[in-house]
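Residues per chain are reported as follows:
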Amino acid sequence: MAETSRSFPDSWRKRTPRAELLIWVGWFALVALFAFCWQVMTQDTIWAFVTDAPTQAADIGSRMIPPRWSYLPALMEPLWDTINMATLGTLLAVIMAVPIAFLAARNTTPSVRFARPLALLAIVSSRSINALIWALLLVAIIGPGVSAGIVAIALRSVGFVAKLLYEAIEEIDQSQVEAVTATGASTAQVIDYAIVPQVLPAFAGICVFRWDINIRESAVLGLVGAGGLGLKLQDSLNVLAWPQVTVIFILILLTVLVSEWVSARVRHAII
């Protein structure tokens, strides 16, 4: 019996009074933090608007039906701009992300002390700023239009692609690298024959997955002047053309569904 009791996991043993006290203190701190955050979030809330929200939503919903299908031909060019924005932005991001990923990976970086921190800083900087923020900045610099949207998508995506790619590079089989290196191959040849074949499937999947995400993001960048369907959505909202808004929503939904299907098929073919 003694041996059986000693074989029980530590988590089954009775907690000490100190452990119980720490657990209760932790729960109290969590509840206090929640109460404080709730107070901060709701201090400027006008509750009359909150209680009236269902009525307002029902009113707007009734104005959105039926959709104005005659507006659909006017959305074809913005839809093409949205797809191009996502595609070209993803392509530009991939071009920038590949060297950054090789600089960030421990097994390929030329300098762990200098090059790798700079590459990681670029990755973090890209991922920490939303595409809408990039678009706002670039619209002010480049001007409104699809060009600002393409660059915004690229700057937002480069960190995503580079992070997943450098993690894939760090997880490669080093025995293949050592075998190619033993033949007297140069650094470029080692990368070409030992590293690239191992990370190529993951790289392709990352690119397609990011393109799928960028279709969603590019559809709303027009709200800040970056062109595409978002620009038409903003115009319709400004004039309260709710039947047109319905058509735009349906078109965005169908576009996202198609991009999701394409992305899933490509990833399935790769994997």
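Within every chain, residues take consecutive numbers counted from 1 along the sequence as written. Side-chain atom pairs in this predicted model are given and counted only at pLDDT of 80 or more, local residue features only at pLDDT of at least 70, and totals for whole chains, interfaces and linings cover all residues. No hydrogens and no water enter the side-chain calculation; it runs on all heavy atoms of the structure.

## Concerning the overall build of the protein
For step 1, the next point in the chain: Runs of H or I in DSSP of at least four residues are treated as helices and runs of E of at least two as strands, each being numbered from the N terminus. When helices and strands are tallied, the protein shows 11 helices and 0 strands.
For step 2, the next point in the chain: Along its sequence from the N terminus, the protein presents helices and strands in the succession α-α-α-α-α-α-α-α-α-α-α.
For step 3, the next point in the chain: C-alpha atoms define the radius of gyration in this analysis, and the globule rule sets the expected value at 2.2 Å times the number of residues to the power 0.38. Its C-alpha atoms give the protein a radius of gyration of 26 Å, clearly above 18 Å, the size a compact globule of 271 residues would have.
For step 4, the next point in the chain: Reported as C-alpha extents along the three principal axes, the dimensions of the protein are approximately 70 × 65 × 35 Å.
For step 5, the next point in the chain: The buried share of the protein, reckoned over its 271 residues, is 35%.
For step 6, the next point in the chain: Taking all contacts inside the protein whose residues are at least 6 apart in sequence as the whole, residues at least 24 apart take part in 72%.
For step 7, the next point in the chain: For accessible areas, the Shrake-Rupley method is used with a probe of radius 1.4 Å. Any residue's cover is judged against the shown protein chains and nothing else. Carbon and sulfur atoms make up 69% of the accessible area of the protein, which totals about 16800 Å².
For step 8, the next point in the chain: Positive: Lys, Arg. Negative: Asp, Glu. His and the chain ends are not part of the count. By convention, the charge on Lys lies at NZ, on Arg at CZ, on Asp at CG and on Glu at CD. Distance from the positive charge centre (18 side chains) to the negative charge centre (18 side chains) of the protein: 6 Å. Each residue's exposure class comes from its accessible area (1.4 Å probe, protein chains only) as a fraction of the maximum for that residue type: buried when under 20%, exposed when over 50%, partly exposed otherwise. Two residues qualify as a contact provided that any one of their heavy atoms is within 4.5 Å of a heavy atom in the partner residue.

## As for helix 9 (residues 187–218)
For step 1, the next point in the chain: Take the residue count of a helix, subtract one, and multiply by 1.5 Å to get its expected span. Here helix 9 is 32 residues long, yet its end C-alpha atoms lie only 38 Å apart, well below the 46 Å a rise of 1.5 Å per residue gives.
For step 2, the next point in the chain: Along its length, helix 9 shows its largest kink, about 55°, at valine 196, and proline proline 197 lies within four residues downstream of that point. What the bend at a residue measures is the angle between two axes, fitted to the seven residues ending there and to the seven starting there.

## Brief notes about the side chain of threonine 109
For step 1, the next point in the chain: By the element assignment, threonine 109 lies in the loop between helix 4 (76–104) and helix 5 (115–128).
For step 2, the next point in the chain: Given a relative accessible area of 12%, threonine 109 falls into the buried group.
For step 3, the next point in the chain: At 2.7 Å, the side chain of threonine 109 forms a polar contact with the backbone oxygen of leucine 103.
For step 4, the next point in the chain: Identification of polar contacts relies on pairs of N or O atoms within 3.5 Å, with a donor-acceptor requirement for protein atoms, meaning one able to donate a hydrogen and the other able to accept it, and with residues adjacent in sequence counted only if both atoms are side-chain atoms. In this structure the side chain of threonine 109 is engaged in a polar contact, spanning 3.2 Å, whose partner is the backbone oxygen of serine 111.

## Description of a nonpolar patch on the surface
For step 1, the next point in the chain: Side chains of Phe34, Trp38, Met41, Trp47 and Val50 sit close together on the surface and give an oily, nonpolar patch of about 610 Å² of accessible area.
For step 2, the next point in the chain: Tracing the backbone through its elements, the reader meets valine 50 in helix 3 (residues 47–63). To count toward a patch, a residue needs a relative accessible area above 30% and no salt bridge. Like charges then connect within 9 Å, nonpolar side chains (Val, Leu, Ile, Met, Phe, Trp, Tyr) within 5 Å. A side-chain nitrogen of Lys or Arg and a carboxyl oxygen of Asp or Glu constitute a salt bridge if their distance falls within 4 Å.

## Here we look at the pattern of salt bridges
Side-chain pairing between opposite charges can occur once the charged atoms of the two side chains come close.
For step 1, the next point in the chain: Counted under the stated rule, the structure contains 6 salt bridges.
For step 2, the next point in the chain: Arginine 116 is the partner of glutamate 170 in a salt bridge, and the nearest nitrogen-oxygen pair spans 3.5 Å. Placement of the pair is glutamate 170 in helix 7 (residues 146–170) and arginine 116 in helix 5, with a sequence separation of 54 residues.
For step 3, the next point in the chain: A salt bridge links arginine 216 to aspartate 212; the nearest nitrogen and oxygen atoms lie 2.9 Å apart. With a gap of 4 residues between them, arginine 216 and aspartate 212 both fall in helix 9, about one helical turn apart.
For step 4, the next point in the chain: Judged by its relative accessible area of 33%, arginine 216 falls in the partly exposed class.
For step 5, the next point in the chain: Each of Asp212, Arg216 and Glu260 takes part in salt bridges that share partners, so that together they form one network.

## Some thoughts on the packing of aromatic side chains
For step 1, the next point in the chain: Here a pair means two rings of Phe, Tyr or Trp (six-membered ring of Trp) with centres within 6.5 Å. Their orientation is stacked below 30 degrees between planes, edge-to-face above 60, and tilted elsewhere. By the definition in use, this model includes 1 aromatic pair.
For step 2, the next point in the chain: On the numbers, 5.9 Å between centres and 50° between planes, the contact of phenylalanine 160 with phenylalanine 209 is tilted. In this pair, phenylalanine 160 sits in helix 7 while phenylalanine 209 sits in helix 9, placing the two residues 49 residues apart along the sequence.
For step 3, the next point in the chain: Seen from the ring of phenylalanine 160, arginine 210 lies directly overhead, with NZ or CZ sitting 4.9 Å from the centre. When the NZ atom of lysine or the CZ atom of arginine is within 6 Å of a ring's centre and also within 35 degrees of its normal, the charge is said to sit over that ring.

## So, the packing of helix 4 against helix 5
For step 1, the next point in the chain: Interaxial angle, 0 to 180 degrees, is taken between N-to-C directions of lines fitted to C-alpha atoms, where a helix line uses only the stretch in contact. Interhelical geometry of helix 4 versus helix 5 gives an angle of 135° and a closest axis separation of 8 Å. Viewed along their axes, helix 4 and helix 5 adopt a mutual orientation that is oblique. In the crossing of helix 4 with helix 5, the sense of the turn from one axis to the other is left-handed. Together, Ile100, Leu103 and Ala104 of helix 4 and Ala115, Arg116, Ala119, Leu120, Ala122 and Ile123 of helix 5 make up the contact between the two elements. Any angle that is under 35 degrees is reported as roughly parallel, and any over 145 degrees as roughly antiparallel; angles of 65 to 115 degrees are reported as roughly perpendicular and all others as oblique. For any pair of crossing helices, the crossing counts as left-handed if the nearer helix is rotated counterclockwise from the farther one by less than a right angle, and right-handed if it is rotated clockwise.

## Looking at helix 4
For step 1, the next point in the chain: When the terminal C-alpha atoms of helix 4 are compared, their 41 Å separation across 29 residues agrees well with the 42 Å that a helix rising 1.5 Å per residue should span.
For step 2, the next point in the chain: The largest bend in helix 4 comes to about 30°, at alanine 97, with the proline proline 99 one to four residues further on.

## Description of the nonpolar core
For step 1, the next point in the chain: Residues belong to a common nonpolar core when they are buried Ala, Val, Leu, Ile, Met, Phe, Trp, Tyr or Cys residues joined through side-chain atoms within 4.5 Å. Membership of the largest hydrophobic core comes to 31 residues, with the highest contact counts inside it found for Ile100, Ile123, Tyr166, Ile169, Val177, Val190 and Ile195.
For step 2, the next point in the chain: Secondary structure elements with two or more residues in this core: helix 4, helix 5, helix 7, helix 8 (174–182) and helix 9.
For step 3, the next point in the chain: When residues of this core are assigned to their parent elements, the largest contribution, 9 residues, is made by helix 7.
For step 4, the next point in the chain: Of all hydrophobic cores here, the second largest spans 14 residues; its members include Leu75, Leu79, Val245 and Ile248.

## Here's the deal with the environment of isoleucine 60
For step 1, the next point in the chain: Within the fold, isoleucine 60 resides in helix 3.
For step 2, the next point in the chain: You can call isoleucine 60 partly exposed: its relative accessible area is 30%.
For step 3, the next point in the chain: Between the C-alpha atoms of isoleucine 60 and glutamine 174, which are 114 residues apart in sequence, the distance is 60 Å.

## Some points on the packing of helix 4 against helix 9
For step 1, the next point in the chain: At their nearest, the axes of helix 4 and helix 9 sit 9 Å apart, and the two run at 145° to each other. Considering how the two elements wind past one another, helix 4 and helix 9 form a crossing that is right-handed. Along the contact surface, helix 4 presents Thr82, Ile83, Met85, Ala86, Thr87, Thr90, Val94, Val98 and Phe102, while helix 9 presents Ile191, Ile195, Phe203, Cys207, Arg210, Trp211, Asn214, Ile215 and Ser218.
For step 2, the next point in the chain: Residue polarity follows a fixed list, in which Ala, Val, Leu, Ile, Met, Phe, Trp, Tyr, Cys and Pro are nonpolar, Asp, Glu, Lys and Arg are charged, and the others, Gly among them, are polar. Of the residues assigned to the contact of helix 4 with helix 9, the class counts are 12 nonpolar, 5 polar and 1 charged.

## Things to note about the confidence of the model for the protein
For step 1, the next point in the chain: Here pLDDT means the predictor's own confidence in every residue, given as a number from 0 to 100. Per-residue pLDDT for the protein averages 84, and the proportion of residues at 70 or more is 94%.
For step 2, the next point in the chain: Element-level mean pLDDT values for the protein span from 49 in helix 1 (residues 2–6) up to 92 in helix 4.

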